[in-house]
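Residue strings, one per chain:
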Amino acid sequence: MYRYDEFDAQIVKERVAQFRGQVERRLSGELLEDEFKPLRLQNGVYLQLHAYMLRVAIPYGQLSARQMRMLARIAREYDRNYGHFTTRQNIQFNWVALKDIPDVLALLAEVEMHAIQTSGNCIRNTTSDHYAGAARDEIMDPRPWCEIIRQWSTFHPEFAFLPRKFKIAVTGAAHDRAAIRVHDIGLHMRERDGVRGFEVHVGGGQGRTPHIAALVNDFVPEDRLLDYLEAIMRVYNLHGRRDNKYKARIKILVNELGEEEFTRQVEAEFAAQRSHEKIDLPQAEIDRIHAYFAPPELATKPETSDVFEAAKASDKVFARWARTNLHPHVTPGYTSVTVSLKPIGGLAGDATDAQMEIIANLAETYGQDDIRVSHAQNIILAHVALDDLPALHAELDAAGLATPNESLITDLIVCPGLDYCNLANARSIPVGQAVQKVFADPDYQEDIGRLHINISGCINACGHHHVGHIGILGVDRKGEEFYQITFGGRADEKAAIGDIAGPGLKSEDVPGALKRVVDRYRELRSGKDELFIDTLGRLGHDPFKEALYAAD
Amino acid sequence: MSSVRPKLKPETPKSITAWETATGRTVWMTADGGWTADTAQIAAFTGDEAEERLAAAAKQEAIITDPYFMEVTETGGITGRETLRESIRANGPTVAYGDKA
Ligand code: SF4
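Named according to an unreviewed UniProt entry, chain B is DUF2849 domain-containing protein originating from Hyphomonas chukchiensis.

The name recorded for chain A in an unreviewed UniProt entry is Sulfite reductase, from Hyphomonas chukchiensis.

Structure below.
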């Protein structure tokens, strides 16, 4: 994992001191809210419905136990004993007082954390595959490049005032688990003739006008990546619509210029830059950063584990969890474990301080001190020996962290919605809970198979509803909450934006309507291994729309 | 303003609501122009008086942030198009959270 050098540490410390001064001046009235707002946003502080919210960066979603313990401490001492892990692989605290935030940031700095690049019109936290450096299907570890991008983009003078926020995601596996095609820039790592590089996708995004990114270059060698990104940023900085917030994202620019013209301009900028200002990273620097992400030293083990097999045979609850919440690891005898933050009827992505402490302890005992946050709002222990799974499961279960539902229908992505968010039109959390309840039976869930339901409380789409196999969008109609359903979205390498099925539903009608849709799928699928999204692709949306609106 | 709220007619009773700057908790103006976190103390204003109160609130930025009009009944009860939003602002999330979830 990346460790701060003295410069990183110094910068973060100075930033805390600077913000402390700004907060003091705000509280004395010397700074008015209009002046203070851009300053607080640069430090991750939002004003939400009923409190300030502090968003803390978790670069590419990776944490150590020590860092997780600090998050637990902050939840306990400065918040109401919990935090919310987000679809951006960050954590949000919902109730921190502004007067305390400088102290919170100082505590975060002690464990090499901060809230920089979590808001405002800058390059935000680079996100990645939550199984990075562990997945069996991985070609290359994306994290070193996420870190290189982080170092390049933080405080880069040209990127401090972009037309709008800017999100980059990197994946290194064939199967895209980082939703790169719905990011402003999505990088898919590739190898060509022994050279490592990136497929570059630009202009994806969700929100009001969702777009799947355009493939702008199918191979940029790794030593030229920063130059290439810089060329993209220059074209964006030059033409991005600063006059209209709703047209300011790069997706609009790519769309308005057309993919071809946009690509031409990027290539021209790249060529111009290469001739005099190139920033080729020296191999030594690339290697230096990679060294921080060296795989953990794992004891050699056989591919199968007797302890694990015996536990599966004797304990049905454990066996089910082992079927659903494990992901194949590159090292024989190991696995990646999803710690579900989606208990039935709970709050998606929330963890209490006590749960955070437990996760930290378990990561140290069983998980090589390596914790990940997934964009699906779960926690991952990336490297766990199969032998340790029964013990790990028992401890997770006792803490309410062993719901066997990874990527199943109750593993919903849910944004905070109108229960917290100042921009929301409708609530998300209660709708998610009600949907979970109708699908709660674990046998039923396993029978349904992989099905992603994503919910957002407004068109900003923090809950990724556009790319849910089933998406739910809360809308406000004259003060009443309605929910628009979309079908056919997906966030992986076959990324697609879902289509609106028809008129919005009242909240109480959503669970029953979705149950009809899912049961229709179970009737129509060609076999148990045809996923909902594939049946939808094969048959079209009509049978499911019919089920959605059929009377009970 | 952190968000644009619907316009209210001059004669519609309204409260002035904001966030306490130091803590972020939601507050409402009382009849005597102070601030309260207790919804029972919410005062209703109309017409020019409401406008004057809002202007006065906007000058108290050290204490409160982003004041705006919220529709209320004549006795200060939350009502109107934004009832759900304002009730959640007043009473907290509609779901149990943290240790209570
Ligand atoms: S999608 Fe809308 S309601 Fe949900 S968190 Fe984002 S801005 Fe708030």
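Moving on from the coordinates now.
Asks: Quick question: what am I supposed to make of the overall build of chain A here?
Replies: Helix and strand counts for chain A stand at 18 helices and 21 strands. Its C-alpha radius of gyration of 23 Å places chain A within 12% of the 24 Å reference for a compact globule of 552 residues. With respect to the principal axes defined by its C-alpha atoms, chain A has extents near 60 × 60 × 55 Å. In chain A, which comprises 552 residues, the share counted as buried stands at 62%. Restricting to contacts in chain A with at least 6 residues of sequence separation, those with at least 24 account for 67%. With the model as given, the accessible surface of chain A reaches about 20500 Å², and the carbon-plus-sulfur share is 50%. Side-chain charges in chain A split into 64 positive and 80 negative, and the spacing between the mean points of these groups amounts to 4 Å.

Asks: I would appreciate a short explanation of the domain arrangement of chain A in the present structure.
Replies: Residues and elements named next belong to chain A. In terms of domain boundaries, chain A breaks down into domain 1 (6-110), domain 2 (135-292), domain 3 (306-398) and domain 4 (413-549). Across the contact, 13 residues belong to domain 3 and 13 residues belong to domain 4. Regarding the contact of domain 3 and domain 4, the summed buried area is about 1100 Å², with carbon and sulfur atoms giving 52% of it. Our count for the contact surface shared by domain 3 and domain 4 stands at 3 salt bridges. Across the pair R320 and E446 runs a salt bridge, and its minimum N-O distance is 2.7 Å. For the side of domain 3 that touches domain 4, the per-class residue count stands at 5 nonpolar, 5 polar and 3 charged.

Asks: Just to check I follow, could you spell out the interface of chain A and chain B for this structure?
Replies: When the parts of a complex come together, some accessible area is lost, and that lost area is often used as the size of the interface. Residue-level contacts link 36 residues of chain A with 31 residues of chain B. Of the roughly 2600 Å² buried where chain A meets chain B, counting both sides, 57% is carbon and sulfur surface. For chain A, the biggest contributors to the area lost against chain B are A:L49, A:H50 and A:N422; these three give 19% of the whole. For the interface between chain A and chain B, the tally reads 2 salt bridges. The residue A:R26 makes a salt bridge to B:E61 at a minimum N-O spacing of 3.2 Å. Linking chain A with chain B are 16 residue pairs in polar contact (both at pLDDT 80 or more), by the criterion used here. Breaking the side of chain A that touches chain B down by element, the ones donating at least two residues are α1 (6-28), α2 (33-41) and α14 (429-438) of chain A. When grouped by side-chain class, the residues that make up the side of chain A that touches chain B number 16 nonpolar, 9 polar and 11 charged.

Asks: Please explain the site of the ligand as it appears in this structure.
Replies: Neighbouring residues of the ligand: A:C415, A:P416, A:G417, A:C421, A:L423, A:A424, A:S456, A:G457, A:C458, A:N460, A:A461 and A:C462. Considered class by class, the residues forming the shell around the ligand number 8 nonpolar, 4 polar and no charged.

Asks: For this particular structure, what's the right way to read the pairing of strand β19 (residues 480-487) of chain A?
Replies: Taken residue by residue, a regular strand's side chains alternate between the two faces of the sheet. Residue and element names in this part refer to chain A. β19 sits mainly inside the fold: 6 of its 8 residues count as buried. The pairing of strand β18 (residues 470-477) with β19 spans 8 bridges and is classified as antiparallel. By the bridge assignment, G474 is partnered in β19 with Y483. Between β18 and the antiparallel strand that follows it, β19, lie 2 residues; K478 among them carries a positive phi value of about 50°.

Asks: Help me out: how do you make sense of the pairing of strand β17 (residues 453-456) of chain A in this one?
Replies: Residue and element names in this part refer to chain A. Side chains of β17 alternate between two faces, with I453 and I455 and N454 and S456 buried alike. Direction of pairing for strand β16 (residues 413-414) relative to β17: parallel, over a ladder of 2 bridges. Paired with V414 across the strands is I455, a residue of β17. Two elements, β17 and β18, share 4 bridges in a ladder whose sense is parallel. Bridge pairing links N454 to G471 in β18.

Asks: Please explain a nonpolar patch on the surface as it appears in this structure.
Replies: Residue and element names in this part refer to chain A. Together, F7, I11 and F155 give the surface a local cluster of nonpolar side chains, amounting to about 310 Å² of exposed area. Along the chain, F155 turns up in the loop between α5 (143-153) and β7 (168-171). By relative accessible area, F155 is classed as partly exposed at 44%.

Asks: Teacher, can you tell me more about the environment of A:R224 here?
Replies: Residue and element names in this part refer to chain A. Assignment of secondary structure puts R224 in the loop between β10 (214-221) and α6 (225-239). A relative accessible area of 34% means that R224 is categorised as partly exposed. Setting aside residues no more than four positions away along its own chain, R224 makes contact with F270, R274 and D280.

Asks: Is there a simple way to explain the nonpolar core in this structure?
Replies: Generally speaking, soluble globular proteins have nonpolar side chains that are buried together. Residues and elements named next belong to chain A. Core analysis: the largest hydrophobic core is formed by 63 residues, its most contacted members being M68, L71, L389 and L392. With 8 residues, helix α3 (residues 65-78) is the largest single contributor of residues to this core. With residues up to four places along the chain from it excluded, the contact list for L71 reads V56, I58, L63, I91, F93, L108, M113 and M356. Core analysis: the second largest hydrophobic core is formed by 44 residues, Y60, F159, V220 and I250 among them.

Conventions and cut-offs
- Residues numbered from 1 in each chain as written.
- Chains lettered and ligands numbered in written order.
- Predicted model: local features only at pLDDT ≥ 70, side-chain atom pairs only at ≥ 80, totals over all residues.
- Heavy atoms only, no water.
- Helix = DSSP H or I, 4+ residues; strand = E, 2+ residues; numbered from the N terminus.
- Rg over C-alpha atoms; globule rule 2.2 N^0.38 Å.
- Buried < 20%, exposed > 50% of the residue type's maximum accessible area, 1.4 Å probe, protein only.
- Contact = heavy atoms within 4.5 Å.
- Areas by Shrake-Rupley, 256 points an atom, 1.4 Å probe, with all protein chains shown as cover.
- Lys, Arg positive; Asp, Glu negative; His and termini not counted.
- Charge placed at Lys NZ, Arg CZ, Asp CG, Glu CD.
- Domains from an automatic or database assignment.
- Buried area = accessible area lost by both parts, 1.4 Å probe.
- Salt bridge = Lys/Arg side-chain N within 4 Å of Asp/Glu carboxyl O.
- Nonpolar A, V, L, I, M, F, W, Y, C, P; charged D, E, K, R; others polar.
- Polar contact = N/O pair within 3.5 Å; in protein donor to acceptor, adjacent residues only side chain to side chain.
- Near = heavy atom within 4 Å.
- Pairing = 2+ DSSP bridges.
- Patch = residues over 30% accessible without salt bridge, like charges linked within 9 Å, V, L, I, M, F, W, Y side chains within 5 Å.
- Core = buried A, V, L, I, M, F, W, Y, C linked by side-chain atoms within 4.5 Å.

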